[in-house]
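Structural characterization, general
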Amino acid sequence: MKRIVLWFLSTVSLVALLFGYHTSTSGASGNAAGTGPATPKGNTGTAPSTGGTSAGSPAPGSKTYTGPSVDTRWGPVQVQITVADKKITNVSVVDYPDNNGRDRQINSYALPILVRSTLSAQSANIDMISGATVTSEGYVQSLQGALDQAGL
C-alpha cells in the first residue's frame, strides 16, 4: 500500500512539474524584466545606437548610408551608418527580428554589442555574437553594404 501511495504522489509531482515548465516560445510574458526589444520598430532613432551623433540631427559634413535589408531565417536585418571624415560616427539598426519574445530577448543584448564592435573596429570585421549567429550574420552583410556605399 505504501508503494502505491508513493508511486501516485511522485507521478502527480512529475505531471505538475511538466505542466509548469515554460518554453522559450511562450511569448513576451515569459521574458525576464528588462529584456524587451531595443526600441520599437519604425522609430527613426532606431535600435541600439551608441556614441556619435543622433540619427535625427547628423553633424555637419556627415552622411548617412543604409545597407541592404538582409533576409535571415528569423527575419530581415538592416543597418544604417553615419560617416564623417571617413569615420563611422553612429550605427543604427533599422530593422531586426522581433516576432516573438525570444527574438526580442536575443536582440536586446546582441545588437548593442554589434554596434559597439562596429564603432570600435570601424569596419565589418567584427565577431559574431554567440546565441545570435543568424542576426549577427545579417547585421554584418547589411553593414558591409552600407560601408561599400560610403566607400570605406
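Residues numbered from 1 in each chain as written. Predicted model: local features only at pLDDT ≥ 70, side-chain atom pairs only at ≥ 80, totals over all residues. Heavy atoms only, no water.

Looking up the protein in an unreviewed UniProt entry gives the name FMN-binding protein, with the organism given as Amycolatopsis cynarae.

In a pair of packed helices, the angle between the axes and the distance between the axes together describe the arrangement. The geometry of helix 2 (residues 101-121) relative to helix 3 (residues 133-150) is characterised by a closest axis approach of 11 Å and an angle of 35° between their N-to-C directions. Taken as a pair, helix 2 and helix 3 cross one another with a handedness that is right-handed. Between helix 2 and helix 3, the residues in contact are N107, L111, L114, V115 and T118 and T135, S136, Y139 and L143, respectively. Looking at side-chain class alone, the contact of helix 2 with helix 3 contains five nonpolar, four polar and no charged residues. (Axes fitted to C-alpha atoms, helices over the stretch in contact; angles between N-to-C directions. Helix = DSSP H or I, 4+ residues; strand = E, 2+ residues; numbered from the N terminus. Left-handed = near helix turned anticlockwise from the far one by under 90°. Contact = heavy atoms within 4.5 Å. Nonpolar A, V, L, I, M, F, W, Y, C, P; charged D, E, K, R; others polar.)

Notably, K86 is not glycine yet its phi reads approximately 60°, a positive angle. Mapped onto the fold, K86 is located in the loop between strand 3 (75-84) and strand 4 (87-95). Given the relative accessible area of 72%, K86 is considered exposed. The residue Q122 is not glycine, and still its phi comes out positive at about 55°. Among the residues examined, Q122 registers a relative accessible area of 27% and is labelled partly exposed. (Buried < 20%, exposed > 50% of the residue type's maximum accessible area, 1.4 Å probe, protein only.)

Turning our eyes to something else, we now look at the environment of Q122. For Q122, the location among the structural elements is in the loop between helix 2 and helix 3. For the pair formed by Q122 and I88, sequence separation is 34 residues and the distance between their alpha carbons is 6.1 Å. Within the structure, Q122 has its side chain in polar contact with the backbone nitrogen of I88 (distance 2.6 Å). From its side chain, Q122 meets the backbone oxygen of L119 in a polar contact 2.8 Å long. (Polar contact = N/O pair within 3.5 Å; in protein donor to acceptor, adjacent residues only side chain to side chain.)

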